[in-house]
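Listed here are the chains, written in short residue letters.
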Amino acid sequence: MTTPRQRNRARLLGAGSLVAATIAVALAVPAQAAGSTLQAAAAGSGRYFGTAIAGSRLNDSTYSGIANREFNMITAENEMKADATEPNQNQFNFSAGDQILNWAQSNGKRVRGHALAWYSQQPGWMQNMSGSALRSAMLNHVTQVATHYKGKIYAWDVVNEAFADGSSGARRDSNLQRTGNDWIEAAFKAARAADPNAKLCYNDYNTDNWNDAKTQAVYNMVKDFKSRGVPIDCVGFQAHFNSQSPVPSNYHTTLGNFAALGVDVQITELDIEGSGTNQANQFQGVVQACLAVARCTGITVWGVRDSDSWRASGTPLLFDNYGNKKAAYTSVLNALNAGGTTTSPDPTSTSPNPTSTSTPTPTPTTTTTPPSGNPSCTATYSEGEKWSDRFNGTVTIRANTNISSWTSYVTVNYPQRIIATWNGSPTWPSSNVMIMKPNGNGALSAGQTVSFGFTVMHGGNWTWPGVTCTAS
């Protein structure tokens, strides 16, 4: 995922592959104490903030200095992949991977292992194999590498990018896939046997939009694995975004639905091409989406400075070529310091199936009725997903006449508190009242609707919030 030789990423950039909208998840929970670095700020909500490291750059004092100061989870960019660790069959070379591991451990950091089984960056001998011989060689590779690093790796990307792009929802056609459809679970079982304490993750890109066929295919695989006891602990979302493929508006939904299966979710290779405010807002949206999902355990950016990125021309990282903090850095730090959820939803709760299309039952609506001829709107509340300690709600604003903007008031009942919102800009005049305004232009024609949502920690009180709407 870091160099042009790894694969042509043009398919990532296709227009329409993701919803062309950013998310704005505003968190109402203040941090216990503001962190001055990314790792310190993330730790406030029990999460990590990491980066990918190239061993060849560790002698660059600016590079290693930033990495040491800002990040507490390290991923080797290329040094633990198959072509690096087993250049010749059954002849393993861990020197480059060990360099990354030793640097991380000596600086008090944990390590994500990347990646044990992948169709790309295979050594030549593996590329030329097929069938049962390849299956045996792949499982031997997984076993030997995971055994070498046993007890030293926080989480492994056991299998990387096994699903095809597009609308088919099919597995990617690769030499590994052609060994049999069970090759993924075989790899996970081998990894578990080799290192029982490492978290085992499936990792992929273009799985960010909940409505995409690829996302649904991965979700169904994870759901199947969990139902059959196949060892899988986490799902990695690479999160490579740009102007043609921005952060989708339902990103937090995707993370939450996977987490509801009983797995951790991790953002594993984050980079967002762009600059200035737009890039900063996109990064903020990703961070806030993670913070809104209790089982989103951490974020890794794919590189330190823009010049270190595999997409350097797109300036996609938090530090510029010279190591200066960008606007995106500040937005990420502020979002991390705002805090987030720290308690996992109950995976055994009877929350609705995320793919369900049933219509929630609304509460009675509250309509502002201004003098005749004045603009007006209606606010309607709908119940969303429920867990043992929280629930989601959606407010739909309907314009009764042509309006230029709207304002909604949401009132929760003690001891309830709103911990996250999306698709709006909230303010908090009191602990139990949230004022929500639109992101940008709030103009609606008569009969048009728009919705925003939020998550409520109910504290034992399941009463639905009260909602009202005013228009201008």
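None of these values were measured; they are calculated from a predicted model. (Residues numbered from 1 in each chain as written. Predicted model: local features only at pLDDT ≥ 70, side-chain atom pairs only at ≥ 80, totals over all residues. Heavy atoms only, no water.)

Trainee: What should I look at first to understand the overall build of the protein chain in this one?
Mentor: Along its length, the protein chain carries 11 helices and 18 strands. For the protein chain, the proportion of its 472 residues judged to be buried stands at 56%. Residue pairs in contact within the protein chain that sit at least 24 positions apart in sequence constitute 77% of those at least 6 positions apart. Summed over its atoms, the accessible surface of the protein chain is roughly 17800 Å², and 48% of this surface lies on carbon and sulfur atoms. (Helix = DSSP H or I, 4+ residues; strand = E, 2+ residues; numbered from the N terminus. Buried < 20%, exposed > 50% of the residue type's maximum accessible area, 1.4 Å probe, protein only. Contact = heavy atoms within 4.5 Å. Areas by Shrake-Rupley, 256 points an atom, 1.4 Å probe, with all protein chains shown as cover.)

Trainee: Sorry if this is basic, but what is going on with the environment of G35 here?
Mentor: Within the fold, G35 resides in the segment before α1 (38-43). Spatially, the C-alpha atoms of G35 and N334 are 9.0 Å apart, while their sequence positions differ by 299 residues. Discounting residues that sit within four places of it in the chain, G35 has contacts with A40, A41, L333 and N337.

Trainee: Whenever I open this one, the state of the cysteines confuses me. Can you help?
Mentor: Simply put, disulfide is the name for a covalent bond between the sulfur atoms of two cysteines. Evaluation of the coordinates by the stated rule reveals 3 disulfides. Each disulfide pairs two cysteine sulfurs, and for C201 the partner residue is C234, the sulfurs being separated by 1.9 Å. With the S-S bond torsion at -80 degrees, the cross-link from C201 to C234 turns out left-handed. Here C234 lies in strand β6 (residues 234-237) and C201 lies in strand β5 (residues 199-204), a separation of 33 residues in the sequence. On the basis of relative accessible area, C234 is assigned to the buried category, the value being 0%. The side chain of C290 participates in a disulfide bridge whose partner is C296; the two sulfur atoms lie 2.1 Å from each other. With the S-S bond torsion at -105 degrees, the cross-link from C290 to C296 turns out left-handed. Each member of the pair, C290 as well as C296, carries the same accessibility label: buried. The connectivity of the disulfides in the protein chain is 1-2, 3-4, 5-6, where the numbers refer to bonded cysteines in sequence order. (Disulfide = S-S within 2.5 Å.)

Trainee: For this particular structure, what's the right way to read the side chain of Q279?
Mentor: Position of Q279 among the secondary structure elements: in helix α10 (residues 276-291). Residue classification places Q279 among the buried residues on the basis of a relative accessible area of 1%. Look past the residues within four positions of Q279 in its chain and what remains in contact with it is I272, E273, G274, T315, P316, L317, K326 and A328.

Trainee: When you look at the packing of helix α8 (residues 213-228) against helix α9 (residues 251-259) in this model, what are you seeing that I'm missing?
Mentor: Relative orientation and spacing of two packed helices are given, respectively, by the angle between their axes and the distance between those axes. Orientation of α8 relative to α9, taken along the N-to-C sense of each, is 15 degrees, at an axis distance of 10 Å. One element, α8, and the other, α9, form an angle in the roughly parallel class. Seen from above, α8 lies across α9 with right-handed handedness. Contact with α8, carried on its side by T215, V218, Y219 and V222, involves T254, N257 and F258 of α9 and no other residues of that element. Per-class residue counts for the contact of α8 with α9 are 4 nonpolar, 3 polar and no charged. (Axes fitted to C-alpha atoms, helices over the stretch in contact; angles between N-to-C directions. Parallel < 35°, antiparallel > 145°, perpendicular 65-115°, else oblique. Left-handed = near helix turned anticlockwise from the far one by under 90°. Nonpolar A, V, L, I, M, F, W, Y, C, P; charged D, E, K, R; others polar.)

Trainee: I keep staring at the pattern of salt bridges and nothing clicks. Help me out?
Mentor: Note on pairing: side chains with opposite charge can pair once their charged atoms come close. Overall, the coordinates contain 18 salt bridges when judged by the stated rule. When the shortest N-O distance is used, the salt bridge between D204 and K214 registers 3.2 Å. With D204 in strand β5 and K214 in helix α8, this pair connects stretches of sequence that are 10 residues apart. Each of the two residues, D204 as well as K214, counts as buried. Linking K326 and D306 is a salt bridge whose minimum nitrogen-to-oxygen distance equals 3.0 Å. Linking K326 in the loop between β9 (296-301) and α11 (327-338) with D306 in the loop between β9 and α11, this pair joins segments that are 20 residues apart in sequence. You can call K326 buried: its relative accessible area is 15%. A relative accessible area of 3% means that D306 is categorised as buried. Among the charged side chains, a salt-bridge network with shared partners connects R57, D60, R305 and D308. (Salt bridge = Lys/Arg side-chain N within 4 Å of Asp/Glu carboxyl O.)

By themselves these figures say nothing about function.
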